[in-house]
Structure formats: C-alpha cells, structure tokens
Amino acid sequence: MAEETRTLEDLKDLKDVAETMAPVEEIATLAEPKIDPQGRSYATGKRKNAIARVWIKPGLGKVTVNGREQETYFARPVLRMILNQPFVAAGRENQYDVTCTVTGGGLSGQAGAVRHGISKALTLYEPTLRSVLKKGGFLTRDARVVERKKYGRAKARRSFQFSKR
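Residues take numbers from 1 onward in each chain, read along the sequence in its written order. Restriction of local features to residues with pLDDT of at least 70 applies here, the model being predicted, together with a cutoff of 80 or more for giving and counting side-chain atom pairs; totals for whole chains, interfaces and linings are based on all residues. Water and hydrogen atoms were dropped before computing side-chain values, which therefore reflect all heavy atoms in the structure.

Visitor: Explain the overall build of the chain to me, please; I cannot follow it from the model alone.
Guide: Helix and strand counts for the chain stand at six helices and five strands. Strands are runs of DSSP state E lasting at least two residues, helices are runs of H or I lasting at least four, and both sets are numbered from the N terminus onward. In sequence order, the chain lays out its α and β elements as α-α-β-β-β-β-α-α-β-α-α. Residue exposure (1.4 Å probe, protein chains only): buried if accessible area is under 20% of the type maximum, exposed if over 50%, otherwise partly exposed. Classification of the 165 residues of the chain by burial places 28% in the buried group. The contact definition used throughout considers only heavy atoms, calling two residues in contact when any of these lie within 4.5 Å. Taking as baseline every contact in the chain between residues at least 6 positions apart, the subset at least 24 positions apart corresponds to 66%.

Right under this line is the structure:
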C-alpha cells in the first residue's frame, strides 16, 4: 500500500483505472486449454469405487469404454444417457470422441465416473464451458460411498433379529 486514497476525488481516479482494466469475463476466457500432442485432453473421474481415465478429442461423437463400444459396455439406455449429459449441457453433442478405461465398482458407478471424467476433460479442452458444467453439477465429485459393515450387526446398520426367548 504505497499510497492511500483519502478523498472522493481520489476514488474517481481509481474508477477510471478500473474501467481500462479487462472485464472479469475476459479474464475467465484467458485460461489456457490443456491439450496433449495428439490433440486430446485427459481427466480422471470418480464415483463410488469406480475410477475412469478419460481422453477426449474432436470427432464424430464415438465413445469407447475399455476397448468396446458404448452400446455394448453400457447396455442400459439410462447409463448411456448419463454419459451424454455433459455434452448436452454444453451444447457439444457428437463433437468429441471419447476414449476411456474404467475400473472398480459396478456399471452405475462406472457410468458416473466416466461422466465426471468427461466433464473435467471438457473443461480442460474448452475452459469457457466450466461455468455451464459447474452449474449443472457435473464437476462435483459425488462423495457418497457404501458404508462399511460394523461388528455386532448384520450389515452396516441392520441388527440381527431380536427374540425375547
């Protein structure tokens, strides 16, 4: 703090300086995309016990999961819809090819992990999409996991059946 502003006239001078500075929207767009030499963006997505490594690049909308097509790996339409949610929210349907490897968990957790990874990779490829995806809740890692089993109990919270005799 080299100099202090003491009067209203000094504040008017600061207003002129602030107007010449870049607006907040321009500062947000100055974020650099993170793209590897093959033209892809990489991100890791997680959900329950599933971990997905996701690469996206411009293409025709082809999704490959563990070397198989999206339709064969995620047979249920609901799981395929989960994968496409970030693209629909960002208005980028059929513009990116997705390649991913998923381990752990079940199919539902794996679909959520791939969705999380796609969202993070999209923000790395196009930083301007971050606000749209954040508003949709796609960038937040869903921290809910299965509760562990406790001793003296049948499951995590379920007790054994009580009998008076």
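Having seen the structure, we can now continue with the description.
Visitor: What exactly am I supposed to notice about the environment of Asn-84 here?
Guide: Among the secondary structure elements, Asn-84 is positioned in helix α4 (residues 77-90). The spacing of Asn-84 and Arg-115 is 31 residues in sequence and 7.6 Å in space, taken between C-alpha atoms.

Visitor: Which parts of the structure should I look at to understand the sheet that holds strand β2 (residues 50-58)?
Guide: Ordered in space as β1-β2-β5-β3-β4, the five strands form an open sheet in which the pairing is mixed. In this open sheet, the two strands that pair with only one neighbour each are β1 (41-47) and β4 (68-69). Here eight bridges tie β2 to strand β5 (residues 96-103), and the two strands are oriented antiparallel to one another. Within β5, the position partnered with Lys-57 by the bridge is Asp-97. Only the stretch in contact is used when a helix axis is fitted, and all axes are lines through C-alpha atoms; the angle between N-to-C directions ranges over 0 to 180 degrees. Relative to β1, helix α5 (residues 107-125) is tilted by about 145°, and along the sheet it contacts β1, β2 and β5. Only strands that DSSP links by at least two bridges are regarded as paired with each other.

Visitor: Is there a simple way to think about α5 in this case?
Guide: Side chains three or four residues apart in an α-helix point the same way, a direct result of the helix having 3.6 residues per turn. How far a helix is expected to stretch is found by multiplying one less than its residue total by 1.5 Å. When the terminal C-alpha atoms of α5 are compared, their 26 Å separation across 19 residues agrees well with the 27 Å that a helix rising 1.5 Å per residue should span. The buried fraction of α5 amounts to 14 of the 19 residues, a majority that puts the element mostly inside the structure.

Visitor: Please clarify how the pairing of β1 should be interpreted in this entry.
Guide: Burial along β1 is one-sided: the face carrying Ser-41, Ala-43, Gly-45 and Arg-47 is buried and the face carrying Tyr-42, Thr-44 and Lys-46 is not. Taking the residues that link successive antiparallel strands as the turn, the β1-β2 hairpin has two residues, and the phi of Lys-48 there is positive, at about 55°.

Visitor: Help me understand unusual backbone geometry, please; the structure alone is not making it clear to me.
Guide: Excluding glycine, residues mostly carry a negative phi; peptide bonds, for their part, are mostly trans. A positive phi angle is found at Asn-66, which is not glycine, with a value near 50°. Note that Asn-66 resides in the loop between β3 (63-65) and β4. Asn-66 gets classed as partly exposed once you look at its relative accessible area, which sits at 32%. Within the chain, Asn-94 stands out as a residue other than glycine whose phi angle is a positive 55°. Judged by relative accessible area, which is 58%, Asn-94 ranks as exposed.

Visitor: How should I be thinking about the pattern of salt bridges in this particular structure?
Guide: Close approach of charged atoms allows side chains with opposite charge to pair. By convention in these notes, a salt bridge is any Lys or Arg side-chain nitrogen within 4 Å of a carboxyl oxygen on Asp or Glu. Applying the stated criterion across every chain yields a total of six salt bridges. In this structure, the salt-bridge partner of Arg-40 is Asp-36, at a minimum N-O distance of 3.1 Å. Among the residues examined, Asp-36 registers a relative accessible area of 25% and is labelled partly exposed. Between Asp-142 and Arg-144 there is a salt bridge, with the nearest N and O atoms lying 2.8 Å from each other.

Visitor: What is the right way to read the layout of surface pockets from this model?
Guide: In this approach a probe as big as a water molecule rolls over the atoms, and the regions it shows empty are the leftover space. Only protein atoms enter the 1 Å grid used here. Points where a 1.4 Å probe fits but cannot escape make up a cavity, open sets with protein on both sides within 12 Å along at least five of seven lines make up a pocket, and a residue lines them when an atom lies within 4 Å of a point. Grid points are joined across faces, edges and corners, and a volume is the space filled by probe spheres set on the points. The computed volume of the largest pocket comes to approximately 180 Å³. Around the largest pocket, the lining residues are Lys-46, Arg-47, Ile-82, Ser-108, Gly-112, Arg-115, His-116, Gly-137, Phe-138, Thr-140, Arg-141 and Asp-142. If you list the elements that add at least two residues to the lining of the largest pocket, you get β1 and α5. It is α5 that contributes the most residues to the lining of the largest pocket, four residues altogether. Residue classes follow a fixed rule: Ala, Val, Leu, Ile, Met, Phe, Trp, Tyr, Cys and Pro count as nonpolar, while Asp, Glu, Lys and Arg count as charged, and any other residue, Gly among them, counts as polar. Of the residues contributing to the lining of the largest pocket, the split by class is two nonpolar, five polar and five charged.

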